[in-house]
Amino acid sequence: MRAVDVIAKKRDGHELSTEEIAFFIDGFTADEIPDYQAAAWLMALYLRGMTDGETHDLTMALVHSGETLDLSDVTPLAVDKHSTGGVGDKVSLVLAPLVAACGVPVAKMTGRGLGFSGGTVDKLESIPGYRTDLSVKDFKKQLAEIGIVLTGQSADLAPADRKLYALRDVTATVESIPLIISSIMSKKLAGGAGAVVLDVKVGTGAFMKTMEDAEALAHGLVRLGTQAGREVVALISAMDQPLGWAVGNALEVREAISTLHEGGPRDLREHCLAVAAEMLMLCGKAGDANAALTLALETLSSGAAWQKFRQMVEAQGGDVSTVDDPEKLPQASIVEPVPAPRSGYLASSNAVEIGRAVVALGGGRDEKGLPIDHRVGVLVHHKVGDLVQEGTPLFTVHASDEAKLRAAREQVLAAHVIGDEPVQPLPLFYRRITA
């Protein structure tokens, strides 16, 4: 079997066999198939699509490319959450300690930024010293001791997915439903969580632009997870504007800390509470939605979620003083508020353009493996439907040099549309998908 033949077969629209997919993933994992052939294969998959059978086979090939994590000796049931990626999505930073503080072990391996979408690992690395490279041994030890782990994907778990993930980011093959399903579920199946809540984003700032695609992705994820014996629920949430105010790594960590202190933007807080309630119901901690939401609210209000976040940072080597005093987190050298050019109602705040502006500032990656600038980003000051006054700050750019500041200012300004007529606020969630 040759890699070029497998590429050509999919290029020509034929279904790949289980053996062909396993051959390609095994070869890529062992560095016997180079990046350029893997990139060609990814593009063929992207353009030709994949059957349910191919998606299942790819997922299992990714799972079996490394070790699988058995958490049964640590906890009878660990719960996880995954977002399909959005702009300003710092939910995991609030959600994981909130659910863990409710007494439910949270075992989460997370990723880096992908395209215009920020990554939780990149945000966590804004905290000096925070380790995102825990070994399987350290992962299980920390879960047993404090009931929470939030780290990058282990080198030992689904290593082929990690390699493909980085390659997809720089080859315009991110927005493929089968590739997204296989990437997400391979990590979840390998990572040992028995229950998973999936936050599927839809809108301009999501990889799924239409409700049809979002529902297809959500159903595919739930179907594959259920077949693998996991308890799975998917929520379809809105991503036509940034979630919260902050877009950019250190800025988002600050906002998450504020939310854990019962501050922060209302939409972020309500989003986190809603997903927390789903996680609590899924693992049997609460019998219904009202009981689950009440438990989450009480835990946030008590300060227990903040203490759990602080405990996690300390356990993973982070400088706790920087989360106790977020002003110690990395800060941009240039901060410029940009005034609204006119008065009116905010009709749209194009999330993808804001996300791309932050990438151009240095807060994301245009090439595989590039470092990022944790300091930079954008703070938006209004939500769709808000009444905006001319001359008041519309958003604030945090930049590292003047040229990037000017470019971001123009791009983010163009992403805001102000009209004369009142506009309805956008919803947080659209659908709930179960098996």
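For the structure, see preceding data.
Residues numbered from 1 in each chain as written. Predicted model: local features only at pLDDT ≥ 70, side-chain atom pairs only at ≥ 80, totals over all residues. Heavy atoms only, no water.

## What to know about the side chain of aspartate 199
Next up, step 1: Locating aspartate 199 in the fold gives a position in strand S4 (residues 195–202).
Next up, step 2: Not counting residues within four places of it along the chain, the set of residues in contact with aspartate 199 comprises Lys81, His82, Ser83, Thr84, Leu235, Ser237 and His271. (Helix = DSSP H or I, 4+ residues; strand = E, 2+ residues; numbered from the N terminus. Contact = heavy atoms within 4.5 Å.)

## Considerations on helix H11 (residues 249–260)
Next up, step 1: Counted at 1.5 Å a residue, the expected span for H11 with its 12 residues is 16 Å, and the 17 Å between its end C-alpha atoms agrees.
Next up, step 2: Here H11 lies mainly inside the structure; 11 of its 12 residues are buried.
Next up, step 3: Those residues of H11 lying buried are Asn249, Ala250, Leu251, Glu252, Val253, Arg254, Glu255, Ala256, Ile257, Thr259 and Leu260. (Expected span 1.5 Å × (residues − 1). Buried < 20%, exposed > 50% of the residue type's maximum accessible area, 1.4 Å probe, protein only.)

## A few points about the side chain of aspartate 57
Next up, step 1: Among the structural elements, aspartate 57 can be located in helix H4 (residues 52–63).
Next up, step 2: Comment: no salt bridge for buried aspartate 57; closest opposite-charge side chain is lysine 9, at 10 Å.
Next up, step 3: Apart from the residues lying within four places of it in its own chain, the contact partners of aspartate 57 are Thr18 and Ile21. (Lys, Arg positive; Asp, Glu negative; His and termini not counted. Salt bridge = Lys/Arg side-chain N within 4 Å of Asp/Glu carboxyl O.)

## Overview of empty space enclosed by the protein
Next up, step 1: By the definition in use, this model includes 4 cavities of 30 Å³ or more.
Next up, step 2: Of the voids in this model, the largest cavity is the one considered here, and its volume is about 340 Å³.
Next up, step 3: If you go around the largest cavity, you meet 26 residues; those closest to its centre are His82, Ser83, Thr84, Gly85 and Tyr165.
Next up, step 4: Counted by class, the lining of the largest cavity contains 6 nonpolar, 13 polar and 7 charged residues. (1 Å grid on protein atoms, 1.4 Å probe; cavity = no way out; pocket = protein on both sides within 12 Å on 5 of 7 lines; lining within 4 Å. Points joined across faces, edges and corners; volume = space filled by probe spheres on them. Nonpolar A, V, L, I, M, F, W, Y, C, P; charged D, E, K, R; others polar.)

## A word on the pairing of strand S1 (residues 79–83)
Next up, step 1: Of all 5 residues that make up S1, 5 are buried, and the element is covered over most of its length.
Next up, step 2: The alternating pattern of S1 places Val79, Lys81 and Ser83 on one face and Asp80 and His82 on the opposite face, and all of these are buried.

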